Amino acid sequence: MNNYGDDNVIVDIVRVMMSLVIMFTYPLCMYPVRLSFDNLLFDTWDCGAGGCVGRDSIAVEEDWVSLHVPNPAGGEQIPVRSRFIRHVSESVFFCGLSFLLASNIPDVEIVFSFTGGTFSSCTSYVFPGLFYLALKERDPHPSALKTYGSYVSIAWGVGMCLLTTSVNVYEIVTGNA
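**Remarks on the overall build of the protein**
Okay, so step 1: Along its length, the protein carries four helices and six strands.
Okay, so step 2: Scored against the burial criterion, the 177 residues of the protein give a buried share of 16%.
Okay, so step 3: Expressed as a percentage of contacts within the protein between residues at least 6 apart in sequence, the contacts between residues at least 24 apart total 40%.
Okay, so step 4: For the protein, the accessible surface area stands at approximately 13400 Å², while carbon and sulfur atoms represent 69% of it.

In structure tokens, the structure reads:
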């Protein structure tokens with residue numbers, strides 16, 4: 001939005017709307033990041049034969065809500081207050097980290113070029129092929145052509161990821177970015 005002048009009212013309205021969108025969607029994006037980080041560090045998922053079930057839910061016993069949650073490592077239950085402190089600490093950490101990155105990266109186009117080149121290839125080519133390979137046991141009529149096609153799709157996507165990353169690094173090194 002810096003390409004437009006400061007005297008245009010419509011552009012100013014769009015800037016305000018973009019700020020509101022970012023302000024209200026950032027907390028929604030924070031939840032999966034915090035949940036994944038929490039599960040990675042504290043192993044709050046129980047993955048058994050029946051699938052993965054969250055162990056961090058509050059237990060309901062005899063119509064009373066327990067004020068403790070199960071401890072993933074076993075032993076005593078963790079008080080809800082300590083989970084709240086951990087929740088707030090993780091949120092502050094990720095907000096601070098994203099603020100530091102946003103304020104210290106001089107040109108956001110570099111970040112967009114890396115993420116766009118990588119994730120568009122992954123979502124278009126790599127992930128669908130991997131999903132098919134993971135689910136092909138459930139396919140009632142598996143075919144060699146579909147399996148071969150998924151391998152080709154994965155190889156093409158990885159090739160595109162490497163190509164776009166190489167082009168972005170080349171542009172940064174030569175100063176064309």
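**As for the layout of surface pockets**
Okay, so step 1: Approximately 660 Å³ is the volume found for the largest pocket.
Okay, so step 2: Residue lining of the largest pocket: 19 residues in total, with Ile22, Tyr26, Ser98, Ala102 and Val108 positioned closest to the centre.
Okay, so step 3: Of all the elements in the fold, those that place two or more residues in the lining of the largest pocket are helix H1 (9-42), helix H2 (80-104) and helix H3 (108-135).
Okay, so step 4: Per-element accounting of the lining of the largest pocket gives the leading share, seven residues, to H2.
Okay, so step 5: When the residues that make up the lining of the largest pocket are grouped by side-chain class, the tally is 16 nonpolar, three polar and no charged.

**Topic: the packing of H3 against helix H4 (residues 144-174)**
Okay, so step 1: Contact pair H3 / H4: the axes reach a minimum separation of 7 Å and the direction vectors enclose 170 degrees. Overall, the two elements H3 and H4 adopt an arrangement that is roughly antiparallel.
Okay, so step 2: Partitioning the contact of H3 with H4 into residue classes produces 16 nonpolar, twelve polar and one charged.

**Details of H3**
Okay, so step 1: End to end, H3 covers 38 Å across 28 residues, agreeing with the expected 40 Å (1.5 Å per residue, within 8%).
Okay, so step 2: Of all the bends in H3, the greatest measures close to 45 degrees and is centred on Cys122.

**Here we look at the side chain of Ser150**
Okay, so step 1: Within the secondary structure, Ser150 is located in helix H4.
Okay, so step 2: Exposure remark for Ser150: the relative accessible area of 5% places this residue in the buried category.
Okay, so step 3: The residues touching Ser150, leaving out its near neighbours within four places in the chain, are Gly129, Tyr132 and Leu133.

**Some details on H4**
Okay, so step 1: Helix length check: H4 (31 residues) gives 45 Å between terminal C-alpha atoms against 45 Å at 1.5 Å per residue, within 8%.
Okay, so step 2: Residues Thr147, Ser150, Ser153, Ile154, Gly157, Cys161 and Asn168 constitute the buried set of H4.
Okay, so step 3: Buried positions along H4 lie against H3.
Okay, so step 4: Directly beyond the C-terminal end of H4, a positive phi value near 85 degrees is found at Gly175.

**Notes on the pattern of salt bridges**
Okay, so step 1: Counted by the stated rule, this structure contains one salt bridge.
Okay, so step 2: A salt bridge links Asp12 to Arg15, with the shortest nitrogen-to-oxygen separation between them at 3.2 Å. Pair noted here: Asp12 and Arg15 are both in helix H1, with a separation of three residues, about one helical turn.

**Let's talk about the packing of aromatic side chains**
Okay, so step 1: According to the stated counting rule, one finds four aromatic pairs in the structure shown.
Okay, so step 2: For the ring pair Phe37 and Phe94, a centre distance of 5.0 Å and an interplane angle of 90 degrees mean the geometry is edge-to-face. Within this pair, whereas Phe37 is found in helix H1, its partner Phe94 is found in helix H2, the two being separated by 57 residues in sequence.
Okay, so step 3: Ring centres of Phe127 and Phe131 lie 6.2 Å apart, and the angle between their planes is 25 degrees; on these two criteria the pair is classed as stacked. Of this pair, Phe127 and Phe131 both sit in helix H3, four residues apart, which is roughly one turn of the helix.

How each quantity is defined
Residues numbered from 1 in each chain as written. Predicted model: local features only at pLDDT ≥ 70, side-chain atom pairs only at ≥ 80, totals over all residues. Heavy atoms only, no water. Helix = DSSP H or I, 4+ residues; strand = E, 2+ residues; numbered from the N terminus. Buried < 20%, exposed > 50% of the residue type's maximum accessible area, 1.4 Å probe, protein only. Contact = heavy atoms within 4.5 Å. Areas by Shrake-Rupley, 256 points an atom, 1.4 Å probe, with all protein chains shown as cover. 1 Å grid on protein atoms, 1.4 Å probe; cavity = no way out; pocket = protein on both sides within 12 Å on 5 of 7 lines; lining within 4 Å. Points joined across faces, edges and corners; volume = space filled by probe spheres on them. Nonpolar A, V, L, I, M, F, W, Y, C, P; charged D, E, K, R; others polar. Axes fitted to C-alpha atoms, helices over the stretch in contact; angles between N-to-C directions. Parallel < 35°, antiparallel > 145°, perpendicular 65-115°, else oblique. Expected span 1.5 Å × (residues − 1). Bend = angle between axes of the 7 residues up to and from the residue. Salt bridge = Lys/Arg side-chain N within 4 Å of Asp/Glu carboxyl O. Phe/Tyr/Trp six-rings, centres within 6.5 Å; stacked < 30°, edge-to-face > 60°.

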